[in-house]
Amino acid sequence: MSIDSLRRSARATVSGLPQGFWWLWLSTLVNRTGAFVLTFLSLYLTVELGHSAWFAGLVVALHGLGGVAGSPLGGTLTDRWGRRPTMVTMHLAAAACAAALAVVTSAWAIATVVLLMGVAMQAVRPSINATIADMVPAHDVRRAYALNYWALNLGFAIASIGGGAAIFLGYRTLFVVDAVATVLCAVIVFLRLPETRPEARTDKAGEPVVEAKVSMVTVLRDAPFRTLVLLNLLVCLVFTAPWIGLPLTMADQGLSPSSYGVVIAVNGIVIVGFQLLVNRLTDKRSPVLLLSLSSLLFALGTGATALASSSVVAFAATVVVWTVGEMIHVPTNAAATALLAPEHARGRYQGVMGMSWAVAGFVAPIGAGAIVDGPGPNVLWAATFAIGILAAVGYTLRLRKALVDDSDSDGGSGSGSGDSEAVVVVGDIAGDTTGKAAVTA
C-alpha cells in the first residue's frame, strides 16, 4: 500500500463526521491525557505509602466494583436528566476524587475515594455513548466509535509516557494534574457540546407520543441484547486477564518488570498506530463475523501466552494478536449495543452494557491472580482460550438473527425487542443514529 493510498484511507476515516463529535473526541483525548490515577495508583500505594501488593490489588478492584454501580446510574441519568448534564457532573465528580487522592493518606479513605471514583468514571460513559449515537449518522457509527477509542488510547499512551517522565514531581502532583485535566474535559463539554437527547416524538396531530417505559429490568428482558451483554462479559474476562496474568507469568519465567513494560507497551503502540487502518478494513463487514473473529483473536493471543516460554518477542507477539482483536471488538460491540436500544432508552442500554466491562474489571483481576497463585499460569491461559472460543461460537450461533448486516436496508432505530427475535441492521445503513463508545482502561 503506497503512502498516497494510506493518506486517502486516513482522510476517508476521519472525514464526514459532525463538528460536535470532534469536540467530544477532544474531550476524550484531554481526559485520558491526564489519566494518571489508575496508571500509577498501585505504585503510589506500595512504594510511596508502603501498603502491601494485596491491598493495592484490592483498591484497584474496588474501582471496578464502583463501576458496576456507576454504569446503570449513569445510564438512567443520561435518559432522564440529559447527556451533557450527566457528563459534566460525573467528570467533575471524578476530578474531585482525583484531587482527594492527593490529600488523603489513610487506607480506608483511599479505598473509599477510589470506589467513588469508579462510580463517577463509569457513570459518564453511557452519556458519551448516547451522545455519539444521537449526533452521528448510522452508517458512520462504527467508524465514530473506533475514532473515539483511538483518542482514548492515544491519550492513555501520552499519560503513561508523560507520567513516567514527571514522576520525579511526586505522585500527588500527578493526581492533581489528573484532576485539572478532567475539569478541563468538563469545561469543553459544557461550553462546546450541545445537548443531544432526542425530543419527545409527536404524532400527526402534534400530540406527544407516549413512549413505553424502559427500566433496567426491561433492558435485561431484551433477549438479543441480554445475549450480547453476556457474550461481551466473556470477552471482557479474557481481555482483562492479561493485565494481571501477563506480568505474573513473565516474572515466573524470570523476566524483569522492565521486560513486561516493553511487552505491554505494544498494546498501545499497535492501537495508536493501526486503529484507523483496522477500522478501514473492517468497515461494512458483518458484525457477527467481526465479533466472532475478535473473540478468536482474543482466544489465540491469550492462549498462546502459555507457549511464549521466556522470550520477550514471543510475549509481544501474543499481545499483538489479542490487541487486533480488541481493535475489532470494541467499535463493533459498540455499534451492535446501540442499535439494539430504543432511541429513548439509549442511556439505560449503554449502562447495562457498561456493567459487563465493570464486572470483568472487578472479577478478572481477582480470578487471574488466584489461578496464577494456585494451579499456575498455564491454567489461566488455557481458560482464556476456552472462554474466547466459547464466545466466538456464541456470537455465531446466538446472534445471527439479531445482528444482520443488510446494506439494502433503509435503517431505523433499535428495536428494544424484549424477547422477540429482533432483526437489527449494523453496517451501511441510513436513518436513525445509534452507538456506544465502549471504554476499557
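All residue numbers here refer to positions counted from 1 along the written sequence of the relevant chain. In keeping with the model being predicted, local features are shown solely for residues with a pLDDT of at least 70 and side-chain atom pairs are shown and tallied solely at 80 or more, while totals for entire chains, interfaces and linings include all residues. Excluded from the side-chain calculation are hydrogens and water; included are all heavy atoms of the structure.

(A) Seen up close, the overall build of the protein chain. Of the regular secondary structure elements, the protein chain holds 15 helices and two strands. Residues counted as buried form 52% of the 441 residues belonging to the protein chain. Throughout, a residue-residue contact means that at least one pair of heavy atoms, one from each residue, lies within 4.5 Å. Counted over contacts in the protein chain with a minimum sequence separation of 6, partners at least 24 positions apart contribute 83%. Surface exposure here means Shrake-Rupley accessible area, sampled with a 1.4 Å probe, where a residue is shielded only by the protein chains that are shown. Roughly 18,200 Å² of accessible area belongs to the protein chain as shown, and the carbon and sulfur atoms make up 67% of that amount. Helix and strand definitions follow DSSP, with helices as H or I runs of at least four residues and strands as E runs of at least two, each counted in order from the N terminus. Partly exposed residues are those whose accessible area sits between 20% and 50% of the maximum for their type, while under 20% is buried and over 50% is exposed, using a 1.4 Å probe and protein chains only.

(B) Structural view of the packing of aromatic side chains. A pair of aromatic rings is counted whenever rings of Phe, Tyr or Trp (Trp by its six-membered ring) have centres within 6.5 Å, and the orientation is called stacked for planes under 30 degrees apart, edge-to-face for over 60 and tilted otherwise. This structure, assessed with the given rule, holds 12 aromatic pairs. Relative to W25, the ring of W22 lies with its centre 5.7 Å away and its plane at 65°, an arrangement referred to as edge-to-face. Residue W22 and its partner W25 are located together in helix α2 (residues 19–33), separated by three residues, close to a single helical turn. By relative accessible area, which is 27% here, W22 ends up partly exposed. Residue W25 is classed as buried on the basis of its relative accessible area of 14%. On the numbers, 6.0 Å between centres and 75° between planes, the contact of F239 with W322 is edge-to-face. Of this pair, F239 sits in helix α10 (residues 223–252) while W322 sits in helix α13 (residues 312–339), and the two are 83 residues apart along the sequence. Exposure remark for F239: the relative accessible area of 6% places this residue in the buried category.

(C) Structural detail: the nonpolar core. Among the buried residues, those of types Ala, Val, Leu, Ile, Met, Phe, Trp, Tyr and Cys that are joined through side-chain atoms within 4.5 Å form a nonpolar core. Within the largest apolar cluster, 48 residues are counted, with the highest numbers of intra-cluster contacts made by F225, L228, L246 and Y395. Those elements that provide at least two residues to this core are α10, α11 (257–282), α12 (287–303), α13, α14 (346–373) and α15 (377–398). Among the elements that line this core, the one with the most residues is α10, at 10 residues. With sequence-adjacent residues up to four places away left out, F225 is seen in contact with V219, T337, L340, Y349, V352 and M353.

(D) Summary view of empty space enclosed by the protein. The pocket and cavity definitions rest on a 1 Å grid over protein atoms only: a 1.4 Å probe that fits but cannot leave marks a cavity, an open set with protein on both sides within 12 Å along at least five of seven lines marks a pocket, and residues lining either have an atom within 4 Å of a point. Grid points are joined across faces, edges and corners, and a volume is the space filled by probe spheres set on the points. For the coordinates displayed, the defined rule picks out four cavities of 30 Å³ or more. The wall of the largest cavity is formed by 25 residues, among which N31, R32, H91, M121 and R125 lie closest to the centre. Sort the elements by how many residues they give to the lining of the largest cavity and helix α6 (residues 107–135) lands first, with six residues. Here the lining of the largest cavity is built from residues that sort into 15 nonpolar, seven polar and three charged. Under the convention adopted here, Pro, Cys and the residues Ala, Val, Leu, Ile, Met, Phe, Trp and Tyr are nonpolar, Asp, Glu, Lys and Arg are charged, and Gly plus all remaining residues are polar.

(E) Up close: the packing of α11 against α13. Here, axes are lines fitted to C-alpha atoms. For helices the fit covers the stretch in contact, and angles between N-to-C directions go from 0 to 180 degrees. Orientation of α11 relative to α13, taken along the N-to-C sense of each, is 35°, at an axis distance of 8 Å. Like other packed secondary-structure pairs, α11 and α13 cross with a definite hand, here right-handed. Along the contact surface, α11 presents S259, V263, I264, V266, N267, V270, I271, F274, Q275, V278 and T282, while α13 presents V312, F315, A316, V319, V320, W322, T323, E326, M327 and I328. Here the contact of α11 with α13 is built from residues that sort into 15 nonpolar, five polar and one charged. Here is the rule for handedness: rotate from the far helix to the near one, and if that takes an anticlockwise turn smaller than a right angle the crossing is left-handed, while a clockwise turn gives right-handed.

(F) Layout of the packing of helix α4 (residues 53–80) against α14. Look at α4 against α14: their axes get within 8 Å of each other, and the N-to-C directions meet at 180°. The angle between α4 and α14 places the two elements in the roughly antiparallel class. For the pair α4 and α14, contact is made by A61, G64, L65, G67, V68, S71, P72, G75, T76, T78, D79 and R80 and by R346, G347, R348, Q350, G351, G354, M355, A358, V359, G361, F362 and I366, respectively. Classifying every residue of the contact of α4 with α14 by side-chain character gives nine nonpolar, 11 polar and four charged. An angle below 35 degrees is treated as roughly parallel, one above 145 as roughly antiparallel, one from 65 to 115 as roughly perpendicular, and anything else as oblique.

(G) Geometry of the environment of S311. Turning to its location among the elements, S311 is positioned in the loop between α12 and α13. Judged by its relative accessible area of 29%, S311 is partly exposed. In this structure, the C-alpha to C-alpha distance between S311 and S259, residues 52 residues apart in sequence, is 9.9 Å. Within the structure, S311 has its side chain in polar contact with the backbone nitrogen of A314 (distance 3.1 Å). Here a polar contact is taken to be a pair of N or O atoms separated by no more than 3.5 Å, where protein atoms must pair a possible hydrogen donor with a possible acceptor and residues adjacent in sequence count only if both atoms sit in side chains.

(H) Broad picture of the confidence of the model for the protein chain. Each residue carries a pLDDT score, the predictor's confidence in it, ranging from 0 to 100. Averaged over every residue, the pLDDT of the protein chain is 83; the share at 70 or more is 86%. Below a pLDDT of 50 lies the segment residues 405–441, which in the model reaches 129 contacts outside its immediate sequence neighbourhood of four places, other chains included.

(I) Broad picture of the pattern of salt bridges. We count a salt bridge whenever a side-chain nitrogen from Lys or Arg sits within 4 Å of a carboxyl oxygen from Asp or Glu. Following the criterion strictly, the structure yields six salt bridges and no others. Its salt-bridge partner being R83, residue D134 comes within 2.7 Å of it at the nearest N-O pair. Linking D134 in helix α6 with R83 in helix α5 (residues 83–101), this pair joins segments that are 51 residues apart in sequence. Per residue, the accessibility class of D134 equals that of R83, and both read buried. What emerges from the salt-bridge pattern is a single network uniting D79, R83, D134, R346 and R348.

(J) Inspection of a nonpolar patch on the surface at higher detail. Only residues whose relative accessible area exceeds 30% and that take part in no salt bridge are eligible for patches, with like-charged residues grouped when within 9 Å of each other and nonpolar side chains (Val, Leu, Ile, Met, Phe, Trp, Tyr) grouped when within 5 Å. Residues L92, V183, L184, V187, F190 and L191 make up a contiguous nonpolar surface patch of roughly 520 Å² in combined accessible area. Among the elements that line the nonpolar patch, the one with the most residues is helix α8 (residues 171–192), at five residues. For L92, the location among the structural elements is in helix α5.

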